[in-house]
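Letter by letter, the chains look like this.
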There are 2 protein chains.
Amino acid sequence: NRRGATENLLKLITKTHPADTAWVFRHLSELERKEVFDILAQTDQVGDFISELDESVMVPLVENLSPKFMADVISEMASDDAADIIEALDDDFGAEIRSQMEQADREEVDELLQYHPESAGGLMSPDFMYLDEELSVGEAIAKVQKRSEEKEMVFYLYITFGDGKLAGVVSLRELLTNPPHRQLKNIMKKNVLSVSTDTDREEVAHVISQYNLLAVPVVDASYTLVGIVTVDDIIDVMREEATEAFLQMAGAGKDREILLKSTSENVVLRAPWLFASWIGGVMALFIIGAFEEELTKVLALAAFIPIIMGMGGNIATQSSTIVVRGIATGRINMEDFHKIIFKEMRVGVILGILYGGFLGVLAYFGYAEPKLLGLVVGLSIFFSMAMAATIGTVIPLILKRFDIDAAIATGPFVTTAIDILGVLGYFMIAKFFLNL
Amino acid sequence: NRRGATENLLKLITKTHPADTAWVFRHLSELERKEVFDILAQTDQVGDFISELDESVMVPLVENLSPKFMADVISEMASDDAADIIEALDDDFGAEIRSQMEQADREEVDELLQYHPESAGGLMSPDFMYLDEELSVGEAIAKVQKRSEEKEMVFYLYITFGDGKLAGVVSLRELLTNPPHRQLKNIMKKNVLSVSTDTDREEVAHVISQYNLLAVPVVDASYTLVGIVTVDDIIDVMREEATEAFLQMAGAGKDREILLKSTSENVVLRAPWLFASWIGGVMALFIIGAFEEELTKVLALAAFIPIIMGMGGNIATQSSTIVVRGIATGRINMEDFHKIIFKEMRVGVILGILYGGFLGVLAYFGYAEPKLLGLVVGLSIFFSMAMAATIGTVIPLILKRFDIDAAIATGPFVTTAIDILGVLGYFMIAKFFLNL
């Protein structure tokens, strides 16, 4: 019966981690989602569940709820998660929810909403433990014990001086191993690494991963401690940035929830880069048109167009992927500019000789006439690959030097350049060696 | 003078974080590296520095050192880092170093070396805090205070029963907020998430990121606690896996240190995938050869080959990247198989109509003869893009169903299939509409 089914589902949900419930939820139909959520809404997991959902699943679900209900749920959540949800919702609905929240909760959320969502300010949690440097170890332990709620995990205790300016850090363990009367300022580690509220989230991720930190404190312009970013937030950032970079490299926009988006949204996200490659193709078309006379004399030339252009395109993809990823992971030093380019050029030359040689032999034995066809197509593959490896390397490096996002812009530039130069090189080599 | 320069460098190095020193080091010449390392070797940062180096920089550097020196350095390191280094070195040299280590240190490292480097066992640290469940809170705090070295950061305290079997977990903070006489078994959280020594490191990363953990305990077959994997190790794993996936998608092997590798190593890593695309090109060559008669009659057909094949290849790259990344991040549920395919098919159809339409109009006004050329090339782009989007989606999904790594295998299969079908479709459409 209905009642029994609901009860079983309720039991199942309370035993499942909200992250897992959110994962299952993503794959349910609209109707099933509604039924499951009606049950979920009665449990105290509802807040954790909502903050685990993808934005494009969360927004339509939440929009049907009353602002009062959402205000109650959001007030229970960590304020950085609460701010993320309000940020994602329609402005009017967000304002209604905020008006239903208690003043203290609302102010905390409003504070966070003023920062760009991709900055340290937008990522940080303002619920964290800080202690004045004048406190003794004993007083500090008492404070830790008294703190009723553990909103963010405590592992570093940040130490402040004056009206909340960052002074240092101690670990909970150091607190335990020092005598109770000693002052915090005498045991703390000074020169603690921090980021500012407007630091880009990628830079925050870099700091945390480079120095193996579990959290990094966030300070405002006056060096006042205003929040912390924890490593679990950074893991999400890293995963999201990697997904965006993948999509950008393939020219599929940078919306990491693209799989959840509709057909028409997919079309809009993916059309621009295809347009760039369309332009490249049209230019190749004009170039081939210009060599019509030569083509009439040696028709066999047409059959080699795909392989010559394809080999160039593929090695260019390799080169630019290696360079774009090297830029993203900080492995490329811009001072090594010429070293990287020359290496890729050598790789292109060697692979060009290899695959040009293969094709040259194949063409020599496959086509009796013209005698030099093997030489022409072999040389053309060689030229196409050496040129493509070089261009595939140079373009992202130049974009980086001009501070243009290499992941987005590399694809269209490289594709178009390779298409045009590849086909032009081929017909010029043919014209020269075949005396056309 | 020489002496002064060395002293300044020494001062600089001791003030710099080893991770930053390692970053700078990567960009030095061989000679500079030697000089800097000679100074570094005198500081107590040398162990941290070596473990921050990329493998391909570390190995040649370390091979010139005496086994005794390396044994001393390695004994000071966290044993998981020590094991990683010995794993990377030549077997003989590794054995010499191990023979110079003290027995206790050597046994710890040998213990770790038995696990696959890409498993939880290969990733874990055996230096961690565990407490028997029968202990009281007071006794536990005393134990934490006594522990002299803090090799791994303490935030979770794992609780064991019997001869070291995992029973539960408490946080250091919970220890502080409970009365001293209470037994750990009465305050611990039971049902703690754990992984086994042979769990794949990607799965470990998934557990840590899915449940926002700072560490996960590793147990052996008898559920005995043998180590922990911390979130900072997982961050490195995630970055490495992302880099490997990028390279694989571009058919550039999966060696994440490819930028540091020589030209010839690059050639070896990158040649195989180019061979697959070479085969695709040769097949396209034969297909076009088979339509030589038709091509003679309408030479203009040749000029459209690059754009028709290019548009297919590019939309296929988008589709397969979206799907491969969706599989990697767990966003694709294999039960949605047909939904995903139909959506990509619709995207391909719409974009095919759009760009086919553009090109049809261009060809119609650009070429007086044959009259239907616009229709032919428009239809061909449409066919090429709809087919490519579908194949680009289906191939990774099928590979995944047969448990083949979609990131590696997608490229060659998709490229070859698209090349052959694209050019075949084009000439068949031309033959049909132009009555060739």
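Residues numbered from 1 in each chain as written. Chains lettered and ligands numbered in written order. Predicted model: local features only at pLDDT ≥ 70, side-chain atom pairs only at ≥ 80, totals over all residues. Heavy atoms only, no water.

### Observations regarding the sheet that holds strand β2 (residues 156-161) of chain B
Residues and elements named next belong to chain B.
Step number 1: Reading across from one edge, β1-β2-β3 is the order of the three strands in this open sheet, with mixed pairing throughout. Edge positions in the sheet fall to β1 (130-132) and β3 (165-171), since each of these pairs with one other strand and no more. For this sheet, the mean angle separating the axes of adjacent strands, direction not counted, is 35°.
Step number 2: Bridge analysis of β1 against β2 gives three bridges, and the strand direction is parallel. Bridge pairing in β2 places Leu-131 opposite Ile-159. (Pairing = 2+ DSSP bridges. Helix = DSSP H or I, 4+ residues; strand = E, 2+ residues; numbered from the N terminus. Axes fitted to C-alpha atoms, helices over the stretch in contact; angles between N-to-C directions.)

### Some remarks on the relation of the copies chain B and chain A
Step number 1: Rotating chain B by 180° about the axis while translating it 0.0 Å along that axis superimposes it on chain A, leaving an RMSD of 0.1 Å. A rotation of that kind, with that shift, is consistent with a two-fold axis.
Step number 2: Of all interface residues in chain B, 99% are interface residues in chain A too; the two copies therefore contact each other through one and the same surface. (Least-squares fit on C-alpha atoms with pLDDT ≥ 70 in both. Contact = heavy atoms within 4.5 Å.)

### Examining helix α3 (residues 30-40) of chain A
All names here are of chain A.
Step number 1: Looking only at α3, the buried set comprises Arg-33, Val-36, Phe-37, Ile-39 and Leu-40. Seen along its axis, α3 keeps its buried residues to an arc of 155°; they face one direction. Exposed side of α3, more than 90 degrees from the buried face: Leu-31 and Lys-34 are the residues found there. (Buried < 20%, exposed > 50% of the residue type's maximum accessible area, 1.4 Å probe, protein only. Arc of directions from axis to C-beta.)

### Focus: the domain arrangement of chain A
The extent of an interface is frequently quoted as the accessible surface area lost upon association of the parts.
Step number 1: Each assigned domain of chain A is listed here: domain 1 (2-115), domain 2 (130-239) and domain 3 (258-433).
Step number 2: For domain 1 of chain A versus domain 3 of chain A, the separation of C-alpha centres amounts to 49 Å. (Domains from an automatic or database assignment.)

### Thoughts on the side chain of Glu-133 of chain B
All names here are of chain B.
Step number 1: Along the chain, Glu-133 falls in the loop between β1 and α11 (137-146).
Step number 2: There is no salt bridge for the buried Glu-133, and the closest opposite charge comes from Lys-185, which lies 5.1 Å off by N-O distance.
Step number 3: Those residues in contact with Glu-133 that sit more than four places away from it in its chain are Ile-159, Thr-160, Phe-161, Ala-167, Gln-183, Leu-184, Lys-185 and Met-188. (Lys, Arg positive; Asp, Glu negative; His and termini not counted. Salt bridge = Lys/Arg side-chain N within 4 Å of Asp/Glu carboxyl O.)

### What about the sheet that holds strand β4 (residues 195-196) of chain B?
All names here are of chain B.
Step number 1: One open sheet holds the three strands; their spatial order is β4-β5-β6, and the pairing between them is mixed. Two strands lie at the open edges of the sheet, namely β4 and β6 (225-230), each paired on one side alone.
Step number 2: Note: strand β5 (residues 215-219) against β6, five bridges, orientation antiparallel. When the sheet's bridge partners are listed, Val-219 is paired in β6 with Leu-225.

### Here's the deal with the interface of chain B and chain A
Step number 1: Taken together, the 108 residues of chain B in the interface contact 107 residues of chain A.
Step number 2: Where chain B abuts chain A, roughly 10,200 Å² becomes buried across the two surfaces, and 67% of that area is made up of carbon and sulfur atoms.
Step number 3: Joining chain B to chain A, the criterion identifies four salt bridges.
Step number 4: Of the charged contacts, one joins Asp-54 of chain B and Arg-331 of chain A as a salt bridge, the two residues approaching to 2.8 Å between their closest N and O atoms.
Step number 5: Where chain B packs against chain A, one counts 35 residue pairs in polar contact (both at pLDDT 80 or more).
Step number 6: Counting residues per element, the side of chain B that touches chain A draws most heavily on helix α16 (residues 263-290) of chain B, at 16 residues.
Step number 7: Per-class residue counts for the side of chain B that touches chain A are 59 nonpolar, 28 polar and 21 charged. (Buried area = accessible area lost by both parts, 1.4 Å probe. Polar contact = N/O pair within 3.5 Å; in protein donor to acceptor, adjacent residues only side chain to side chain. Nonpolar A, V, L, I, M, F, W, Y, C, P; charged D, E, K, R; others polar.)

### Overview of α16 of chain B
Step number 1: Here α16 of chain B contains 28 residues, and its C-alpha end-to-end distance of 39 Å stays within 8% of the 40 Å for a straight helix at 1.5 Å per residue.
Step number 2: The sharpest bend along α16 of chain B reaches about 40° and sits at Ala-271 of chain B, with the proline Pro-272 of chain B one to four residues further on. (Expected span 1.5 Å × (residues − 1). Bend = angle between axes of the 7 residues up to and from the residue.)

### Quick look at the pairing of β2 of chain B
Residue and element names in this part refer to chain B.
Step number 1: Counting buried residues along β2, five of its six residues qualify, which places the element largely inside the surrounding structure.
Step number 2: Here β2 pairs with β3 via six bridges, running antiparallel. Looking across to β3, one finds that Ile-159 is bridged to Gly-168.
Step number 3: In this antiparallel pair of consecutive strands, β2 and β3, the connection spans three residues, and Gly-162 shows a positive phi of 60°.

### Some words on the pairing of β5 of chain B
Residues and elements named next belong to chain B.
Step number 1: Most of β5 is tucked away, with five of its five residues classed as buried.
Step number 2: Here β5 shows two buried faces, one formed by Ala-215, Pro-217 and Val-219 and the other by Val-216 and Val-218.
Step number 3: In this sheet, β5 lies alongside β4 in parallel orientation, the contact comprising two bridges. Residue Ser-196 lies in a different strand from β5, and its bridge partner there is Val-219.
Step number 4: Counting the residues that bridge the hairpin from β5 to β6 gives five residues, and of these Tyr-223 lies at a positive phi of roughly 65°.

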